[in-house]
Amino acid sequence: MSKKLFIETFGCAMNTRDSEHMIAELNKEEPYELTMDASQADLILVNTCSVREKPVQKLFSELGQYKKQKKEGAKIGVTGCTASHLGAQIIQKAPYVDFVLGARNVSKLAHALHTPKAVEIDIDYDESQYAFGEYRSNPLKAYINISIGCDKQCTFCIVPHTRGDEISIPQELILREAQRAVDSGAKELFLLGQNVNNYGRRFSDNSQKSSFTQLLREVSRIDGVERIRFTSPHPLHMDDAFLEEFASNDKICKSMHMPLQSGSTAILHAMKRGYTQEWFLNRAKKLRQMVPNVHISTDIIVAFPGESLEDFEATLDVMREVQFEQIFSFKYSPRPHTAAIHLPNAIEEAEASRRLTQLQALNDELLDTLAAKRVGNRERVLFEELKSDGYVQGRADSNMLIKVKGSEELLGTLRDVEITQAGRVGNVAKLL
Ligand code: SF4
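Residues numbered from 1 in each chain as written. Predicted model: local features only at pLDDT ≥ 70, side-chain atom pairs only at ≥ 80, totals over all residues. Heavy atoms only, no water.

Draft legend 1. Spatial organisation of the overall build of the protein chain. The number of helices and strands found in the protein chain is 13 helices and 19 strands. Of all 432 residues assigned to the protein chain, the portion counted as buried reaches 54%. Restricting the contact set of the protein chain to residue pairs at least 6 apart, pairs at least 24 apart contribute 69%. In the form shown here, the protein chain has an accessible surface area of approximately 19000 Å², with 50% of it arising from carbon and sulfur atoms. (Helix = DSSP H or I, 4+ residues; strand = E, 2+ residues; numbered from the N terminus. Buried < 20%, exposed > 50% of the residue type's maximum accessible area, 1.4 Å probe, protein only. Contact = heavy atoms within 4.5 Å. Areas by Shrake-Rupley, 256 points an atom, 1.4 Å probe, with all protein chains shown as cover.)

Draft legend 2. The arrangement of the sheet that holds strand 15 (residues 378-386) in detail. In space, the 5 strands of this closed barrel follow the order 15-16-17-19-18, with mixed pairing throughout. Geometrically, the sheet is characterised by an average inter-axis angle of 55° between neighbouring strands, direction not taken into account. Bridge count between strand 18 (residues 414-422) and strand 19 (residues 426-431): 5 bridges; the pairing is antiparallel. Bridging across to strand 19, Val 417 finds its partner in Leu 431. (Pairing = 2+ DSSP bridges. Axes fitted to C-alpha atoms, helices over the stretch in contact; angles between N-to-C directions.)

Draft legend 3. Molecular detail of the pattern of salt bridges. All chains considered together, the criterion is met by 35 salt bridges. Across the pair Arg 136 and Glu 134 runs a salt bridge whose closest N-O atoms are separated by 3.8 Å. A relative accessible area of 40% places Glu 134 in the partly exposed class. Through salt bridges with shared partners, a single ionic network connects Arg 17, Glu 20, Glu 134, Arg 136, Glu 177 and Arg 180. (Salt bridge = Lys/Arg side-chain N within 4 Å of Asp/Glu carboxyl O.)

Draft legend 4. Seen up close, the domain arrangement of the protein chain. Once the domains are mapped, the protein chain shows domain 1 (3-120), domain 2 (136-253), domain 3 (283-374) and domain 4 (378-431). On the side of domain 3, 15 residues touch domain 2, which itself brings 13 residues to the contact. Between domain 2 and domain 3, roughly 1200 Å² of surface is buried when both sides are summed, and carbon and sulfur atoms account for 72% of that area. Among the residues of domain 2 in contact with domain 3, Thr 155, Phe 156 and Leu 243 are the three that bury the most area, contributing 43% of the side total. If you look at where domain 2 meets domain 3, you find 2 salt bridges. (Domains from an automatic or database assignment. Buried area = accessible area lost by both parts, 1.4 Å probe.)

Draft legend 5. Seen up close, the layout of surface pockets. In this structure, the second largest pocket spans a volume of roughly 470 Å³. Along its surface, the second largest pocket is lined by 27 residues, and His 21, Tyr 130, Phe 132, Ile 169 and Glu 177 are the ones closest to its centre. Of all the secondary-structure elements, those providing two or more residues to the lining of the second largest pocket are helix 1 (13-29), strand 8 (147-148) and helix 7 (171-183). Among the elements that make up the lining of the second largest pocket, the one with the highest residue count is helix 7 (5 residues). (1 Å grid on protein atoms, 1.4 Å probe; cavity = no way out; pocket = protein on both sides within 12 Å on 5 of 7 lines; lining within 4 Å. Points joined across faces, edges and corners; volume = space filled by probe spheres on them.)

Draft legend 6. Expanded view of the site of the ligand. The local shell around the ligand consists of Cys 150, Lys 152, Cys 154, Phe 156, Cys 157, Val 159, Pro 160, Gln 194, Asn 195, His 234 and Arg 273. Here the residues of the shell around the ligand are counted per class, giving 6 nonpolar, 3 polar and 2 charged. (Near = heavy atom within 4 Å. Nonpolar A, V, L, I, M, F, W, Y, C, P; charged D, E, K, R; others polar.)

Draft legend 7. Representation of the environment of Ala 103 within the structure. Mapped onto the secondary structure, Ala 103 falls in the loop between strand 5 (99-102) and helix 5 (109-113). A C-alpha to C-alpha distance of 6.5 Å links Ala 103 and Thr 79, two positions 24 residues apart in sequence. Leave out the neighbours within four places in its chain, and Ala 103 touches Asp 18, Gly 80, Cys 81, Ser 84, Thr 162 and Arg 163.

Draft legend 8. Quick peek at the pairing of strand 3 (residues 43-48). Across the 6 residues that make up strand 3, a large majority, 6, are buried. The two faces of strand 3 match: Leu 43, Leu 45 and Asn 47 on one face and Ile 44, Val 46 and Thr 48 on the other face are all buried. Taken together, the 6 bridges between strand 3 and strand 4 (residues 75-80) define a ladder with parallel strand orientation. Across the sheet, the residue bridging to Val 46 is Val 78, located in strand 4.

Draft legend 9. Main features of the nonpolar core. Among the nonpolar cores identified, the biggest contains 55 residues, and Leu 189, Leu 191, Phe 212, Phe 230, Met 256, Leu 287 and Met 319 are the most heavily contacted of them. Taken together, domain 2 (136-253) and domain 3 (283-374) each give at least three residues to this core, which thus spans both. In contact with Met 256, not counting residues within four places along its chain, are Phe 230, Pro 233, Met 238, Phe 242, Leu 243, Phe 246, Leu 287, Val 294, His 295, Ile 296 and Ser 297. Listed in part, the 20 residues of the second largest apolar core include Val 46, Leu 63, Leu 86 and Val 97. (Core = buried A, V, L, I, M, F, W, Y, C linked by side-chain atoms within 4.5 Å.)

Draft legend 10. Highlighting the sheet that holds strand 11 (residues 227-231). Sheet architecture is open: 3 strands sit in the order 7-10-11, paired in parallel fashion. This sheet does not close on itself; its edge strands, each paired only once, are strand 7 (141-145) and strand 11. The mean inter-strand angle of the sheet, taken between neighbouring strand axes irrespective of direction, is 25°. Direction of pairing for strand 10 (residues 188-192) relative to strand 11: parallel, over a ladder of 5 bridges. Counterpart to Glu 188 in the pairing with strand 11 is Arg 227.

Draft legend 11. Expanded view of the environment of Ser 329. Here Ser 329 shows up in strand 14 (residues 326-331). Residues Ser 329 and Ile 7, spaced 322 residues apart in sequence, show a C-alpha to C-alpha distance of 27 Å. If we skip the residues at most four places from it in the chain, Ser 329 touches Ile 300, Leu 356, Leu 359 and Gln 360. Within polar-contact distance, the side chain of Ser 329 engages the side chain of Gln 360 at 2.9 Å. (Polar contact = N/O pair within 3.5 Å; in protein donor to acceptor, adjacent residues only side chain to side chain.)

Shown next as structure tokens:
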């Protein structure tokens, strides 16, 4: 009987890939079968996120639930970014946790599993050249790490403290992994890093310096690659060569995540984002000129310490100017080990909520305007999911969610469609 694994993954795509790596590492020792029922599991892994306080608070109530559910002899491991910054405190607070494995120590899973109360959270540990086993949760879409860690010091962000300094993964390892993924049926390659367009500045071996633009070109030359996506690029590194390659390379999906964070140059400065409102608008305008049908998504934080009403208005102005197709918006969440936690002029909770509500209302308004113009547009969709309502759903080149009437033979196919109904998030279309 193979052992059973229950794994819960919180947070970003990098965490999803870490969870896939953990499953592959376990399978190197002995086969594990995935279960959705924690009470059946021999091993329960909670892969955590620390980007905001709420998920950290939720962690201990979650662990309490697993303690109650787990079967005799089963183990509980806490992994990911909260593991990195809380470390042994997790076991002190929840003594039934068997081990703690930090975000940058995934390759040590087998060791942690067999070492009672192991705490492996070294954020300088270098896995950039480690050959993880093969496991993919989605056979059609392959997540591929191109770097680990982050060299930026955005003052609100805990990631550099949980994932360490930035190291690029050697290009030949990335190309080999990409070829293996395509050979095993992946239609879409999703390149991952905290700052993908900062790729190639530092390797831990004597690899030659390179650039993300070059890497994109090389990946797109792999035989059988249909689509390339990537996250997350930094607006600071969106130089003309990068935008040129993005616009001219037809393997690269025309959706760009451009994390703005704030539309106020003063707040961007306090966040240490390294760019101004003007630079961001310049890049977004250039991108829309070069790729008229591009979809731009973004991240925005409201109520950063010291954010005046004028600063907030500047963020709304950028939204009206760029007309983002998708916005992930949050209230500022003070994070330990970050510079912003010591900044004066915190914004009251009620005012922070008021600003977030106002921003999201404007976003809905802008999305409705964009949706109204979308009906009749033609898109190319990779169908990935059979829905219970007789529809099959997938993502367009622009990353929009689109569903059509159909059945399972559409799964895994790339098809042209025409949008018949458009919404803020999802769209309905007909096959062409
Ligand atoms: S670029 Fe900034 S926001 Fe992004 S992971 Fe690095 S420090 Fe965090």
